[in-house]
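# Structural overview for review
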Amino acid sequence: MIERTGGAAAPEPAAFGPVTVRPGDLRYDSLQRGNNHRFVGRPEEIRVVGSTEQVVRAVADAVRSKWRVAPRSGGHCFENFTTDPAGGMLLDLSPMDAVGYDAERRAFAVQPGATLGHVCRTLFTGWGVTIPAGGCPEVGAGGHLAGGGYGPLSRLYGSVVDYLYGVEVVVADADGTARAVVATREPDDPHHDLWWAHTGGGGGNFGVVTRYWLRTPDAAGTDPSRLLPPAPRRRLDCQLVWAWDQQVTEQAFTTLLRNFGTWHERNSKPGSPYAPLFAVLQLMNRGAGSFMMQVWVDADLPGADGLVNDLVTAVTAGTGTTPADTRRTMPWLHPTTWPGTGQTGDAITRRFKNKAGYLRRSYTDSQLTTVYRHLTDPTASPTGLMMLAGYGGQVNAVAPEATAVAQRDAVMKVIFLTTWTEESDDAAQLAWIRDFYRDVYADTGGVPVPGEVSDGSYINYPDTDLADPEWNTSGVPWHTLYYKDNYPRLQQIKARWDPDNVFHHSLAIQPPA
């Protein structure tokens, strides 16, 4: 009990918002900008909201004005989906950041503006549980969950959407009415299709998410500490660093990449003893001087250090290299929520371009040679890199049609990234990463067409080039790369819940023709 003195207790503060900001307001330039400063939009209005009721009113106002609505939670979208709703409303959900337990639904409620670091900290502090969400703590939950997020615990626990019990969405009906709808994974829920669309269908397609509910499937009882996966107590981190100028020949480099892929091919089935390991091979350009591999695992798992040793031995075999090996064990919460991670580029002017793909197996020898050529190009930016991230494991225990995440037999994700600070460098930086990506996928029209090696791309790493015939010459449409056979179902859901296409962007799901 908290004892109060000095008179009556102060009243609880009112809910934040709504705040309306238009061009000319001193707040406008700051609030319209997202994480990627390449994109500077001019929305008609920025509406900052703090409750579901405020979102309903905002959507109703936008529909009345015939504006597109662009919801934004964390602002980390890689493209300009939220930064530039031309002639529309940017709906800032960042004040809606509550995380807590909902006893009525036996599930944890998360508002879209809550960052992943805040979500993990609250779940851990309150109940000792967690979700397999991403490793960038400043990313907002709103877009991350809707796009089928993943993170360091996904090989052990699955995709974050495998824990999505329900979602509250503000939708716009054909008659212009805005309303909040709750949809759950219960098979008899009349709104079940709206829930399914948010298990990987991507943000900004169907409405405005105002709340998620998370619970392990088939979890029984009312004890919150048993309704989501237990969080680790400690984390063992291993970092291997290779100096480019020390024995990293083309043969050593391509062997190392092939080994990394082969290990994931062999050790990514659900229930594998190596599923608790999460490894990222971060291949910086030669101009950076070095590249690295990071491995994370629950430090209290029996034989954890031995599992890491097995991976390190497999990856370095036949390379003739001896990387610097640094290991440390720390309490799990600190590296999971430390805000220094997850940022790209300079804090003042942050410009970047990402491209991505899923991998079912290691790249071919020709592709590995191409990777080496681009990362050792002396004219390339030293900030250019490619990352291979471990995937699969428990993610692959779910059928591709069970959620909107269709890539359920991939074993790795690949991310191509370059960052810079000056607008004058845009053309050169974009040319470098586009050429790199196109050349790696030269045999399939410049994009990761689903097949023996690749399995499309990840909607949370959106890349508008996939819809551009200049860069996608495969004949395979962008929506197949992202959603595969799940796209027609998403189109039907779009037609039902957003009949007037109020919510759209450059890679938006289109209603059926």
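Residues numbered from 1 in each chain as written. Predicted model: local features only at pLDDT ≥ 70, side-chain atom pairs only at ≥ 80, totals over all residues. Heavy atoms only, no water.

An unreviewed UniProt entry annotates the protein as FAD-binding oxidoreductase of Streptomyces halobius. Turning to the protein, the UniProt annotation filed under Cofactor (unreviewed entry) states: "FAD". Quoted verbatim from the Sequence similarities (unreviewed entry) field of UniProt, the annotation for the protein is "Belongs to the oxygen-dependent FAD-linked oxidoreductase family." (UniProt positions renumbered as here; feature names shortened; annotations may be inferred.)

## Points about the sheet that holds strand 4 (residues 89-92)
An order of 1-2-4-3 is seen for the four strands of this open sheet, with the pairing classed as mixed. Edge positions in the sheet fall to strand 1 (19-21) and strand 3 (69-72), since each has one partner strand and no second. Ignoring strand direction, the axes of neighbouring strands in this sheet form an average angle of 20°. Of the strand pairs in this sheet, strand 1 and strand 2 (residues 45-48) are connected by three bridges, and their pairing is antiparallel. Its bridge partner being in strand 2, Val 21 is matched across the sheet by Ile 46. Contacting strand 2, strand 3 and strand 4, helix 2 (residues 52-64) runs over the sheet at an angle of about 175° to strand 4. (Pairing = 2+ DSSP bridges. Helix = DSSP H or I, 4+ residues; strand = E, 2+ residues; numbered from the N terminus. Axes fitted to C-alpha atoms, helices over the stretch in contact; angles between N-to-C directions. Contact = heavy atoms within 4.5 Å.)

## Remarks on unusual backbone geometry
In most cases, non-glycine residues show a negative phi, while peptide bonds are predominantly trans. Residue Pro 18 is reached from Gly 17 by a cis peptide bond, and omega for that bond is -5°. Located in the positive-phi region is Lys 484, a residue other than glycine, with phi close to 50°. One can find Lys 484 in the loop between helix 12 (478-483) and helix 13 (487-497). A relative accessible area of 19% places Lys 484 in the buried class. (Buried < 20%, exposed > 50% of the residue type's maximum accessible area, 1.4 Å probe, protein only.)

## Describing the environment of Arg 33
Position of Arg 33 among the secondary structure elements: in the loop between helix 1 (28-31) and strand 2. Each C-alpha atom of the pair Arg 33 and Gly 75 lies 8.1 Å from the other, and the pair is 42 residues apart in sequence.

## Observations regarding the packing of aromatic side chains
The final tally for this structure, using the stated rule, is 29 aromatic pairs. Between Phe 278 and Trp 296, the aromatic rings sit 5.4 Å apart at their centres with planes inclined by 40°, giving tilted as the arrangement. Here Phe 278 is found in strand 11 (residues 278-284), whereas its partner Trp 296 is found in strand 12 (residues 290-298), with 18 residues between them in sequence. What makes Phe 278 buried here is its relative accessible area of 6%. With a centroid separation of 5.3 Å and an interplanar angle of 55°, the aromatic rings of Trp 432 and Phe 436 are classed as tilted. (Phe/Tyr/Trp six-rings, centres within 6.5 Å; stacked < 30°, edge-to-face > 60°.)

## Topic: the pattern of salt bridges
Evaluated as defined, the whole model comprises 34 salt bridges. A salt bridge links Asp 325 to Arg 327; its shortest N-O distance comes to 3.0 Å. When its relative accessible area of 38% is taken as the criterion, Asp 325 is described as partly exposed. The partly exposed category is assigned to Arg 327, whose relative accessible area is 28%. Between Asp 465 and Lys 355 there is a salt bridge; the shortest N-O distance is 2.7 Å. Residue Asp 465 is located in the loop between helix 11 (426-440) and helix 12, and its partner Lys 355 is located in strand 14 (residues 351-359); the two are separated by 110 residues in the primary sequence. Overall, the relative accessible area of 3% leaves Asp 465 in the buried class. (Salt bridge = Lys/Arg side-chain N within 4 Å of Asp/Glu carboxyl O.)

## Regarding helix 3 (residues 116-127)
For helix 3, which comprises twelve residues, the first-to-last C-alpha distance of 16 Å matches the rise-based estimate of 16 Å (1.5 Å per residue) to within 8%. Looking only at helix 3, the buried set comprises Leu 116, Gly 117, Val 119, Cys 120, Thr 122 and Leu 123. Buried positions along helix 3 lie against strand 5 (99-102), strand 6 (107-110), helix 4 (141-146) and helix 9 (333-337). At the C-terminal side of helix 3, Gly 128 shows a positive phi close to 70°. (Expected span 1.5 Å × (residues − 1).)

## A look at the sheet that holds strand 15 (residues 385-390)
What the seven strands build is an open sheet, ordered 13-10-12-11-15-16-14; its pairing is antiparallel. The open sheet is flanked by strand 13 (324-331) and strand 14, the only strands paired with a single partner. With strand direction ignored, the average angle separating the axes of adjacent strands in the sheet is 15°. Across nine bridges, strand 10 (residues 234-243) lies against strand 12 in antiparallel orientation. Its bridge partner lying in strand 12, Ala 243 is registered against Ser 290. In the packing of helix 11 onto the sheet, contacts are made with strand 14, strand 15 and strand 16 (412-420), and the angle to strand 16 comes to roughly 160°.

## Some thoughts on the packing of helix 7 (residues 250-266) against helix 8 (residues 304-316)
As a packed pair, helix 7 and helix 8 sit with axes 7 Å apart at the nearest point and diverge in direction by 135°. On the basis of their axis angle, the class for helix 7 and helix 8 is oblique. Residues Leu 256, Asn 259, Phe 260 and Trp 263 of helix 7 lie in contact with helix 8, whose contacting residues are Leu 311, Ala 314, Val 315 and Thr 316. Classifying every residue of the contact of helix 7 with helix 8 by side-chain character gives six nonpolar, two polar and no charged. (Parallel < 35°, antiparallel > 145°, perpendicular 65-115°, else oblique. Nonpolar A, V, L, I, M, F, W, Y, C, P; charged D, E, K, R; others polar.)

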